[in-house]
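The residues making up each chain are set out below.
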2 protein chains.
Amino acid sequence: MTREVDVAIIGAGTAGLTAQEIVARKTDNYVIIDDGPLGTTCARVGCMPSKAFITVANDFHKRIFFEEYGISGANVLRPNYSRIMARVRMLRDEFADGVIQEMLPFMDKLIRKRARFVDPNTLDLGDEQIRANHTIIATGSKPCIPEKWKPYKDVIIDTDQFFELSDLPEKMAVFGLGAVGIELGQALHRLGVDIIAFSRRKSAGGLTDPSLQSYAFEHFSKEMNIKLGTADIRRKSGNGVVVGCESGEWTVDRILLATGRCPVVQGLGLENLGIELDDRGMPPFDPDTLQIKDLPVFLAGDANGRKTILHEAADDGSIAGYNATADSICCFKKRTPMTITFSSPDIAIAGLSYRELTARGVAFVTGNASWEELGRARMILGKAAGIARIYANRKDGRLLGAELVAPAGEHMAHLLSWAVGAGLTAADALAMPFYHPVLEEALRSAFGQIMKQTDDSAPDFELERCSEDPSIRKMKRPRMSPVRGCSMNSLTQYI
Amino acid sequence: MTREVDVAIIGAGTAGLTAQEIVARKTDNYVIIDDGPLGTTCARVGCMPSKAFITVANDFHKRIFFEEYGISGANVLRPNYSRIMARVRMLRDEFADGVIQEMLPFMDKLIRKRARFVDPNTLDLGDEQIRANHTIIATGSKPCIPEKWKPYKDVIIDTDQFFELSDLPEKMAVFGLGAVGIELGQALHRLGVDIIAFSRRKSAGGLTDPSLQSYAFEHFSKEMNIKLGTADIRRKSGNGVVVGCESGEWTVDRILLATGRCPVVQGLGLENLGIELDDRGMPPFDPDTLQIKDLPVFLAGDANGRKTILHEAADDGSIAGYNATADSICCFKKRTPMTITFSSPDIAIAGLSYRELTARGVAFVTGNASWEELGRARMILGKAAGIARIYANRKDGRLLGAELVAPAGEHMAHLLSWAVGAGLTAADALAMPFYHPVLEEALRSAFGQIMKQTDDSAPDFELERCSEDPSIRKMKRPRMSPVRGCSMNSLTQYI
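The model shown is predicted, which means the values in this text are computed figures rather than measured ones. (Residues numbered from 1 in each chain as written. Chains lettered and ligands numbered in written order. Predicted model: local features only at pLDDT ≥ 70, side-chain atom pairs only at ≥ 80, totals over all residues. Heavy atoms only, no water.)

## Re helix α14 (residues 442–453) of chain B
- Those residues of α14 of chain B not exposed but buried are A442, L443, A446, F447, G448, I450 and M451 of chain B.
- Looking at the packing, one finds that the buried side of α14 of chain B touches α12 (409–421) of chain A together with β22 (364–370), β23 (387–393), β24 (399–406), α12 (409–421) and α13 (426–430) of chain B. (Buried < 20%, exposed > 50% of the residue type's maximum accessible area, 1.4 Å probe, protein only. Helix = DSSP H or I, 4+ residues; strand = E, 2+ residues; numbered from the N terminus. Contact = heavy atoms within 4.5 Å.)

Encoded structure:
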């Protein structure tokens, strides 16, 4: 049996479902093919249950400050791991069910089978074939487990498995200090699990600025047990396992594997697309149009291996959905980049990272913000820590990006990435309101430092005069010239 | 004895000290006159100790969710009022001492006496006179206690006295649901003090949008005992006092008076300035230059009765300091307005309020954001509440202001007021990054609703195309024409 459709979407995750929304504006003749669990990676095993878990750990952690606040009895508080995990699963189920509820209007388009390309326009589903004018691959990602560790599968817990735990182990190794490793590792530590975390580099949460990398590594090392080195699994030991790195070996009950996620592309028959795949089996694709070569096939979301961030996957889905139903292929500008690790303090990159700016050879200056001595941060025990590095164009002080380790860093990251996206200069930012006492106030000194280092002469007064005198400072707006060509990120116009 | 100076600053609070900083750039021949306690209203009795107090109350409050999180033992937690208050005072002393430390370099300019105008250029200090080319009045504000309640002074606690309490009363009435009333009232309630709060209007925290006013009033009424009516003091009762409103009367131990602050202008000899004062004894002044009539006298900070907000007082100090040392009087544009009440959820106004927009006859549309069902808010028990009303120009969707009751509302208020200040439209805001899962995501639907209501046709796609096609949406920037005249707020250019 062969069905003919305008668009076939492989994968009903965030990218696939966003693509569906856009595709459905243009055609009713489409299918979504997914044989896995529904509800999205984010809601089932990713951002949602992890935030629910972290919330409990952070609230429990606050007890260590209660005595100093003047609240007694904190030593009696006890976490019940099985109840904590059960509540996390209950929330997770609600979030995943919510996604499925939203799928009800187009459930007739959902095919619960596995798809495999026969050629760029044909998908084999086993007992039927789909002829599709356009296909969107949105198969997502999964935790990568290196071949050599497969024999230890029963002591390794990946993020697909973590939230299924009915209890927490006493001793746990955490492999990797990226977003997942630091978020779950810190939460486990705060709930009383004996954690040993391993990181190959003196960094955390994907930071790229060397001074911030060491700050973060040292800050989190003060709270939890972190080893610098290449983690490895040595041998089984009773019900547990011996892990190690250059500096020693330790016996733990389980290993939380947080070394990254890999695109799900195996078994999709990409070798039948008639194009060359790279070493990892990935096809070439245009990051701005998501088109694979000149084929009527688009690669969206985690499956394309660019980033594993929900809002980027959703944007990918939109772009793929648009291009799969448009008369001609369009390229789209990316949003101002932003990544957040929900640790305490949060780790975030807003706009361009130090590494990106350096790689592009941009002439930039840096301003530092610190929460170590900020009044509001000092009132809240445990919050008086954090540093932001804010990068701006050396010529005119236009904000380009920031890396930070900060209390309420998720909110600072939004403010800073919006400021970058709006094309504000450091002087513009200083003319914005800062309430008192708020954590945002720490940013002021960074903006001030930037102004002192830029080539354009800095105004000596934050407020704008009411005047028609053209010599006084006005809000400098981004140039209005449209961005040329498809390959440019919207930020590059400011550089 | 008569001393001649370029500038005399009366008051060493936030406005006076900021004025000093600007004045000292131009002249060394100035004095600061203050016979009261040093350290600023904010640090001694205002924003700082109140935030320290609220922090403890909110952390203690979280225990009611511990059982549901899976943490046992919360019923044993007990607040020790005297230790809590002692810690708040310790922090307060640190903050106030910090201010005094920063004054050390110019302590020789500080005169610890009371000043009284003899004429616009002469101040009488009792045993000496100051002849000043320019004078800045920055005498601040104090809690207003109505004449009729003065006999009850021993049962009334105002904010000057609150943080001196060595213990907390068992039963307390709170008069007023402005920022101070709702912040301290909620914190007292959360710490277990039996609170009865009175508000004349169905509102809280200075909200002006009718729908938000009722939402806030009802939301806070669910948590604490709030009576709608005009609070009055009926009679003493033992060591306590009977308070009442239209709907009944109640006996409490003490009354927290949070009905507002009044400018400190009595005894300054303003009647000797040769100008007419209003009913309250206030002189006329230009809000943009802070000059009193055409005199060489400026009125800055809380003393001018405009707002009692630290960052506005600091801006006032800068403007007054600038104008007191400039060759000609300059007018300055205000920052985008913002007020925040640090309740849970926070209450805030960012940009222009509903009342201001309505009074100015602006054609605006409104978008609603809600945190009631937002995923991230639901994970954190007690946080799934809140509404924002975002106002935008009806024609082009340019953001003008917002009122909100929201979790992390202090951060939402910064994001929104910066978006207003940067001249973003709702479409621009939707093209900004929103991470997942964050509380900022709730704002998206408000921006979307605004776009549907504006006259200009809304793009059907959040992302911008890479294209030179002029018909596609580009970031619409504020008009670059300078603001004309002194009396215009920088926001008016968008209306």
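## What about α12 of chain B?
Residues and elements named next belong to chain B.
- Taking 1.5 Å of rise per residue, the 13 residues of α12 would be expected to cover 18 Å, and the 18 Å separating its terminal C-alpha atoms lies within 8% of that figure.
- Among the 13 residues of α12, 13 are classified as buried, and the element is accordingly described as predominantly covered.
- Two residues or fewer past α12, G423 is found with a positive phi of approximately 75 degrees. (Expected span 1.5 Å × (residues − 1).)

## Quick notes on the packing of helix α3 (residues 47–61) of chain B against helix α5 (residues 81–103) of chain B
Residues and elements named next belong to chain B.
- Relative to each other, α3 and α5 sit at 145 degrees, their axes nearing to 9 Å. Crossing of α3 over α5 shows right-handed handedness. Facing M48, P49, A52, F53 and V56 of α3, the residues of α5 in contact are I84, M85, R87, V88, L91, R92 and F95.
- Classifying every residue of the contact of α3 with α5 gives 10 nonpolar, no polar and two charged. (Axes fitted to C-alpha atoms, helices over the stretch in contact; angles between N-to-C directions. Left-handed = near helix turned anticlockwise from the far one by under 90°. Nonpolar A, V, L, I, M, F, W, Y, C, P; charged D, E, K, R; others polar.)

## Digging into the relation of the copies chain B and chain A
- Once turned by 180 degrees and shifted 0.0 Å along the axis, chain B lies on chain A with an RMSD of 0.0 Å. The transformation just described matches what one would write down for a two-fold rotation axis. Considering only C-alpha atoms, the residue of chain B closest to the rotation axis is L415 of chain B, which sits at 2.7 Å.
- Most of the interface of chain B is mirrored in chain A: 100% of its interface residues are interface residues there too. (Least-squares fit on C-alpha atoms with pLDDT ≥ 70 in both.)

## A look at the confidence of the model for chain A
Residues and elements named next belong to chain A.
- Averaged over chain A, the pLDDT score is 93; the fraction of residues at 70 or greater is 94%.
- A low-confidence stretch, residues 468–494 (pLDDT under 50), is modelled with 80 contacts involving residues beyond four sequence positions or located in other chains.
- Interface confidence in the predicted complex, given as ipTM, is 0.94; pTM for the same model is 0.94. (pLDDT = per-residue confidence, 0-100.)

## Considerations on the interface of chain B and chain A
- Taken together, the contact pairs 101 residues of chain B with 101 residues of chain A.
- Contact between chain B and chain A buries roughly 9400 Å² in total, counting both sides, with carbon and sulfur atoms accounting for 64%.
- Along the contact surface separating chain B from chain A lie 10 salt bridges.
- Across the salt bridge formed by K62 of chain A and D59 of chain B, the nearest N and O atoms sit 3.2 Å from each other.
- Where chain B meets chain A, there are 32 residue pairs in polar contact (both at pLDDT 80 or more).
- Sort the elements by how many residues they give to the side of chain B that touches chain A and α12 of chain B lands first, with nine residues.
- Counted by class, the side of chain B that touches chain A contains 58 nonpolar, 17 polar and 26 charged residues.
- Two strands pair when backbone bridges link them, and strand β3 (residues 71–72) of chain A and strand β4 (residues 78–79) of chain B are joined in this way by two bridges, in the antiparallel orientation. (Buried area = accessible area lost by both parts, 1.4 Å probe. Salt bridge = Lys/Arg side-chain N within 4 Å of Asp/Glu carboxyl O. Polar contact = N/O pair within 3.5 Å; in protein donor to acceptor, adjacent residues only side chain to side chain. Pairing = 2+ DSSP bridges.)

## Structural notes on the pattern of salt bridges
- Scanning the entire structure with this criterion turns up 65 salt bridges over all chains.
- In this structure, D119 of chain B engages R131 of chain B in a salt bridge whose closest nitrogen and oxygen atoms are separated by 4.0 Å. Of this pair, D119 of chain B sits in strand β6 (residues 116–119) while R131 of chain B is found in strand β8 (residues 129–137), placing the two residues 12 residues apart along the sequence.
- Assessed through its relative accessible area of 27%, D119 of chain B is described here as partly exposed.
- With relative accessibility at 36%, the residue R131 of chain B sits in the partly exposed group.
- Several salt bridges converge on common partners, so that one network encompasses R3, K113, D127 and E128 of chain A.

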